[in-house]
Amino acid sequence: MMKIKILSRAMYATAIALGTTLTFTACDDNEPNPMTPENLVEIAAASPNFEILTSAIQAAELEDDLSLSGPFTVFAPVDAGFEDFLTANDLTAGDLLASPDLENILTYHVLSGEVNSFDVEAGSYTALNESQFYVSEDPSGDLWINGNAKIISTDIGATNGIIHALDQVIIPPSESIAEIAVASSTAAEPEFTQLVAALTRAGLVENVSGDAMDNLTVFAPTDAAFEDLYQTLGVNGVDDIPLDQLTDVLLYHVVPARAFSQDLRQDASLPTLLEGESLTVDLANLQINESSLIPSALNIHGVNGVIHAIDQVLLPPME
């Protein structure tokens, strides 16, 4: 059983109440009037849905920065999203608040300028930490960031910007597709060992080791998928497959675009790095060609693109 550590993408059955409810009580002339939250920091602090976010902003000493005139657009994870993040990464709330990466994580959720919901479009955005994040629109019209965080509420206005709520925390990627695959191949429960061996033999590791300008999608066969291929071909491993054939097979798994699962459309044709050859999307059956996408291992985000695990090796058409 493959085990790849990614964030939960659980869909919430009910809408999360956002914004601030103000209660005014009678007071005499000597009592101070209650203050209405105005800026982004104050609105987040007044909402019961952003308690962890508020604590994180305080711990990272970003209160003053996010209280400036801006304007800013904050994609704000709700508390349930932070709790999923802590569980997925085996952290406590204290670990998160003490993390040296906290400021980088928080500023990855912030854009300079005000972007209303009707202006949010599919594509890349540069966050305050100067890293890119990627918005996708799924077939139902919902918007997602980096394939794992859904925008669940929009246009919470502040004097210095606007808040859109997310159901998950987003993290700037720090490894390339090649580095992610290698790390997985040497994990306690390894995966992609055969893919790494195949890329190494074909001299294609560099092709999936680039930066954010590359924008690749790799449909990555599991080790079990490669074992099935070896049995079909009657070979013992990647070293027994003719090099030209192996290279073509690997190039056939790479699309020169950053396509998260939400970007895929029924019957779409995806060009590959194998010249003249494309893959076909079957969303109804969650397949790429005849191979099934593995729901628990979609949208593995790297600096240079995204990985989707599949359960069969894709073979290009025979000439």
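This text follows the structure it describes.
Quantities reported herein were computed from a predicted structural model and do not represent experimental measurements.

Caption draft 1: Broad picture of the overall build of the protein chain. Across its full length, the protein chain carries nine helices and 15 strands. Split into buried and exposed, the 319 residues of the protein chain put 47% on the buried side. Partitioning the intrachain contacts of the protein chain with sequence separation of at least 6 by distance along the chain shows that 66% fall at a separation of at least 24. Accessible area of the protein chain: about 15,700 Å², with a carbon and sulfur share of 50%.

Caption draft 2: Looking closely at the sheet that holds strand 15 (residues 305-310). What the four strands build is an open sheet, ordered 9-8-15-14; its pairing is mixed. Bordering the open sheet on either side are strand 9 (254-255) and strand 14 (300-302), each of which pairs with just one other strand. Relative to strand 15, strand 14 is paired through three bridges, and the arrangement is antiparallel. Note on strand 15: the bridge partner recorded for Ile-300 is Ile-307.

Caption draft 3: Main features of the pairing of strand 15. Counting buried residues along strand 15, six of its six residues qualify, which places the element largely inside the surrounding structure. Sheet topology note: the strand 8 (residues 216-221)/strand 15 ladder contains six bridges and is parallel. Within strand 15, the residue paired with Pro-221 across the bridge is Ile-310. Counting the residues in the hairpin turn of strand 14 and strand 15 gives two residues.

Caption draft 4: Quick look at the nonpolar core. One finds Phe-219, Leu-250, Leu-279 and Ile-288 to be the most contacted residues of the largest nonpolar core, which totals 45 residues. Of all the secondary structure elements, the ones that give two or more residues to this core are helix 6 (177-185), helix 7 (193-202), strand 8, helix 8 (223-233), helix 9 (243-251), strand 9, strand 11 (278-282) and strand 15. With 29 residues, the next largest nonpolar core counts Ala-44, Leu-62, Phe-85 and Val-110 among its residues.

Caption draft 5: Highlighting the packing of aromatic side chains. Taken as a whole and assessed by the stated rule, the structure comprises five aromatic pairs. Ring centres of Tyr-108 and Phe-133 lie 5.9 Å apart, and the angle between their planes is 90°; on these two criteria the pair is classed as edge-to-face. Here the residue Tyr-108 occupies a position in the loop between helix 5 (102-107) and strand 2 (110-112), and Phe-133 occupies one in strand 4 (residues 132-137), the gap between them amounting to 25 residues. Taken as a pair, Tyr-108 and Phe-133 share a single burial class, namely buried. Classification of Phe-133 by relative accessible area gives buried; the value is 0%. Among the aromatic residues, those joined into a cluster by ring pairs are Phe-75, Tyr-108, Tyr-125 and Phe-133.

Caption draft 6: Highlighting helix 6. What helix 6 keeps buried is the set Ile-177, Ala-178, Ile-180, Ala-181, Ser-184 and Ser-185. The arc that holds the buried residues of helix 6, viewed along the axis, is 165°, so those residues lie on one side. Those residues of helix 6 hidden inside the fold are in contact with helix 7, strand 8, strand 14 and strand 15.

Caption draft 7: Focus on a negative patch on the surface. Taken together, Glu-61, Glu-63, Asp-64, Asp-65 and Glu-103 make up a surface patch of like negative charges. For Glu-61, the position within the fold is in the loop between helix 2 (51-59) and strand 1 (72-77).

Caption draft 8: Structural view of the sheet that holds strand 7 (residues 161-166). Pairing in this open sheet of seven strands is mixed, and the strands run 2-1-7-6-5-4-3 from one edge to the other. Here the strands that pair on one side only, and so sit at the sheet edges, are strand 2 and strand 3 (123-126). Strand after strand, the sheet turns through a mean of 30° between neighbouring axes, direction not considered. Pairing of strand 3 with strand 4 involves four bridges; the strand directions are antiparallel. When the bridges of strand 4 are listed, Tyr-125 appears paired with Phe-133.

Reading guide: rules and limits
- Residues numbered from 1 in each chain as written.
- Predicted model: local features only at pLDDT ≥ 70, side-chain atom pairs only at ≥ 80, totals over all residues.
- Heavy atoms only, no water.
- Helix = DSSP H or I, 4+ residues; strand = E, 2+ residues; numbered from the N terminus.
- Buried < 20%, exposed > 50% of the residue type's maximum accessible area, 1.4 Å probe, protein only.
- Contact = heavy atoms within 4.5 Å.
- Areas by Shrake-Rupley, 256 points an atom, 1.4 Å probe, with all protein chains shown as cover.
- Pairing = 2+ DSSP bridges.
- Core = buried A, V, L, I, M, F, W, Y, C linked by side-chain atoms within 4.5 Å.
- Phe/Tyr/Trp six-rings, centres within 6.5 Å; stacked < 30°, edge-to-face > 60°.
- Arc of directions from axis to C-beta.
- Patch = residues over 30% accessible without salt bridge, like charges linked within 9 Å, V, L, I, M, F, W, Y side chains within 5 Å.
- Salt bridge = Lys/Arg side-chain N within 4 Å of Asp/Glu carboxyl O.
- Lys, Arg positive; Asp, Glu negative; His and termini not counted.
- Charge placed at Lys NZ, Arg CZ, Asp CG, Glu CD.
- Axes fitted to C-alpha atoms, helices over the stretch in contact; angles between N-to-C directions.

Geometric descriptors of this kind do not, in isolation, establish any biological role.
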